[in-house]
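# What the coordinates show
One letter stands for each residue in the lines below.
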Amino acid sequence: MAETKYIFVTGGVSSSLGKGIIAASLAKLLQARGYRVTIQKLDPYINVDPGTLNPYEHGECYVTDDGAETDLDLGHYERFLNVKTSQANNVTTGRIYQNVIEKERRGEFLGKTVQVIPHITNEIKERIQDLGNSGEYDIIITEIGGTVGDIESLPYIESVRQLKWELGDDNALVIHLTLIPYLSAAGELKTKPTQHSVKTLMESGIKADILVCRTEHELSDDLRSKLAQFCNVKKEAVIQSIDASTIYDVPNMMLEEGLDTITLQMLKMADKTQPELTRWNEFLRRHKNPKAEVKIGLIGKYVELQDSYKSILEAFIHAGAENEVKVEVIPIHSEFITQKVIDEKISKLDGVLVAPGFGERGIEGKIRAVQYAREHKIPFLGICLGMQMAVIEYARNVLGLKAANSTEMHKETPDPVIDIMEEQKDITHMGGTMRLGAWDCDLAIDSIVSQVYEGNIISERHRHRYEFNDKYRKALEEAGLKVTGTNPKTGLVEIIEIPGHPWFVGVQYHPEYRSTVASPHPLFVAFVKAAVTHGKK
Ligand code: GLN
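This text gives an overview of the structure that appears in the document. (Residues numbered from 1 in each chain as written. Predicted model: local features only at pLDDT ≥ 70, side-chain atom pairs only at ≥ 80, totals over all residues. Heavy atoms only, no water.)

With that settled, the discussion passes to the side chain of Glu123. Position of Glu123 relative to the elements: it lies in helix α5 (residues 116-133). The buried category is assigned to Glu123, whose relative accessible area is 3%. A polar atom in the side chain of Glu123 sits 2.7 Å from the side chain of Lys103. Sequence-distant contacts of Glu123, that is, excluding residues within four places in its chain, are made with Ile96, Asn99, Val100 and Lys103. (Helix = DSSP H or I, 4+ residues; strand = E, 2+ residues; numbered from the N terminus. Buried < 20%, exposed > 50% of the residue type's maximum accessible area, 1.4 Å probe, protein only. Polar contact = N/O pair within 3.5 Å; in protein donor to acceptor, adjacent residues only side chain to side chain. Contact = heavy atoms within 4.5 Å.)

Right, let's talk about unusual backbone geometry for a bit. In this structure, the amide linkage connecting Ile117 to the following residue, Pro118, adopts the cis form with an omega of 10°. Structurally, the position occupied by Pro118 is in helix α5. Look at Asn82: it is not a glycine, yet its phi comes out positive at around 60°. Residue Asn82 is classed as partly exposed on the basis of its relative accessible area of 40%. Even without a glycine there, the phi angle at Lys268 is positive, about 55°. For Lys268, the position within the fold is in the loop between α10 (259-266) and α11 (278-288).

Right, let's talk about the site of the ligand for a bit. Looking at the ligand, the residues that line it are Pro356, Gly357, Phe358, Cys384, Leu385, Gln388, Glu408, Arg463, His464, Arg465, Tyr466 and His510. In the model, an oxygen atom of the ligand is placed 2.9 Å from a nitrogen or oxygen of the Gly357 main chain. The fraction of the free accessible surface of the ligand (300 Å²) that becomes covered by protein chains is 99%. Broken down by secondary-structure element, the contributors of at least two residues to the shell around the ligand are α15 (385-397) and β19 (457-464). Class assignment of the residues belonging to the shell around the ligand gives a composition of 5 nonpolar, 4 polar and 3 charged. (Near = heavy atom within 4 Å. Areas by Shrake-Rupley, 256 points an atom, 1.4 Å probe, with all protein chains shown as cover. Nonpolar A, V, L, I, M, F, W, Y, C, P; charged D, E, K, R; others polar.)

Okay, helix α7 (residues 192-203) next. For α7, with 12 residues, the first-to-last C-alpha span of 16 Å sits near the 16 Å given by 1.5 Å per residue. Against β1 (5-11), α6 (154-167), β7 (172-179), β10 (210-215) and α8 (221-231) lie the buried residues of α7. Of the residues one or two after α7, Gly205 is the one with positive phi, at around 85°. (Expected span 1.5 Å × (residues − 1).)

Further remarks concern the environment of Leu399. Within the secondary structure layout, Leu399 lies in the loop between α15 and β16 (405-406). Note on Leu399: relative accessible area 26%, which makes it partly exposed. Counting along the chain gives 61 residues from Leu399 to Glu460, while the straight-line C-alpha distance between them is 30 Å. Residue contacts for Leu399: discarding those within four places in its chain leaves Tyr394, Ala475, Leu476 and Ala479.

Let us now look at α5. When the terminal C-alpha atoms of α5 are compared, their 24 Å separation across 18 residues agrees well with the 26 Å that a helix rising 1.5 Å per residue should span. Along α5, the positions that sit buried rather than exposed are His119, Ile120, Thr121, Glu123, Ile124, Lys125, Arg127, Ile128, Leu131 and Gly132. Here the buried face of α5 lies against β1, β2 (37-43), β5 (90-92), α4 (93-106), β6 (139-144) and α6. Phi turns positive one or two residues past the end of α5, at Gly135, with a value near 75°.

It is possible for side chains bearing opposite charge to pair when their charged atoms get close. Counted under the stated rule, the structure contains 45 salt bridges. A network of salt bridges, in which partner residues are shared, links Lys41, Asp43, Asp71, Asp73 and Glu143. (Salt bridge = Lys/Arg side-chain N within 4 Å of Asp/Glu carboxyl O.)

We now examine the pairing of strand β11 (residues 238-242). The element β11 is extensively covered by neighbouring structure, given that 4 of its 5 residues are classed as buried. Pairing between β10 and β11: 5 bridges, direction parallel. Looking across to β11, one finds that Cys213 is bridged to Gln240. (Pairing = 2+ DSSP bridges.)

Okay, the pairing of strand β23 (residues 504-507) next. Each regular strand shows side chains that alternate between the opposite faces of the sheet. The alternating pattern of β23 places Phe504 and Gly506 and Val505 and Val507 on opposite faces, both of which are buried. With 4 bridges joining them, strand β15 (residues 380-383) and β23 adopt parallel strand pairing. Bridge pairing in β23 links Gly382 to Gly506.

Have a look at this one:
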């Protein structure tokens, strides 16, 4: 078997340049040429995983099948590649240190002083090579979070230096993503910040092999030559990454710039034919040529920050393309749902999505939005907390249990229609202890979901501590709410519907994590379709 090749992606000059998208785009092109590729993200913060971070910090927490709470970039990797990621694809400084300290306590370094070099760097190198050693991949792309020069990223940069030396230039390369700012007063693109960030990398003993330059304007031939000469790279290795109207254009832009070709040349890999991008380009064609438009409200409490609901927004893009419509997502802050917001915004929607979330803030607004969608027969999708709010709304307004609530919001509620799961009751540690990852769910026949999924058993990803309280199931069902999905082993209620409403579905799981370009999520596809039908009325 051929040796696994390693590609490292570092960032310079500024954060938020989109290393994840460049890594995913390159991976897409290599995959489209027949290579087996995966991507890994190394995050230099001390949290063991992003599960304990609020979305304002780093955006959404993405959950994998194996129940890892990870960086949202893993979502991009899955959406681009249609290949599942796992715990091994996201490593943080916290996890590295935790492992090393546990080893030290077990006595694995007995007699030795445990240090950043070699113990932390060895642990980092192991985490990188574990993926390669699995034999599942030809190429591992490792994205180093942060910006070169940051104190936090130094051990990662040193690990890359060592690995590159150990593996040899034919087996490992470094792509440096940088920013070429445009000074409008001078009317010029400036290369100096890039030169400095390449120099900073050099100070750590790493020569960038390929430069990917984020820019708002085309790089001229002269500018490319200058960058090549002063940053010590081949001219073909100066890649322009101009602002794109959609992230899904980036693979084709990188193809045009030859990023995949130069990568394969440098890694001494066969440049197998042209990438097979038929499915991808068909998606792009549909995405860019919508035949109609629907407005879907996203009711959540983190709507100020786009990244908080990344996977949901992307799932709408996939589902929109599938339906050949443009989904205009209208963010609506759940904390401020007044009659005015209902009259001016919610009443004009073709669909209402109530978002996942934690804690009390904004929940009464979510409940009001559910009520409006239910009573006015607007297609509704509730995800996780959104499903729980739909149950509370039904209990309050149809069953007449005026004080019904979740014990997450009101511990002493007389009617805990949503309650903490039994196995969660004794948990005191917050990190990694929710019900996480993929769990099976049986679907009821004659339900919306059994049609949508075209089957009777599904598996979806979860992230919650509270659940539908079975004690209220009978009463709620008699009042017209229907349970249409349950866990086959525990009976935990996974899905609710309201028969008689055109399209009302609440799910305890997160369908958005499973939606990809090649495989748009059927629930989102059906929800958008229902919104289209509603819009026509
Ligand atoms: N806070 C709710 C729970 O823990 C919902 C979680 C979520 O929306 N991801 O059950």
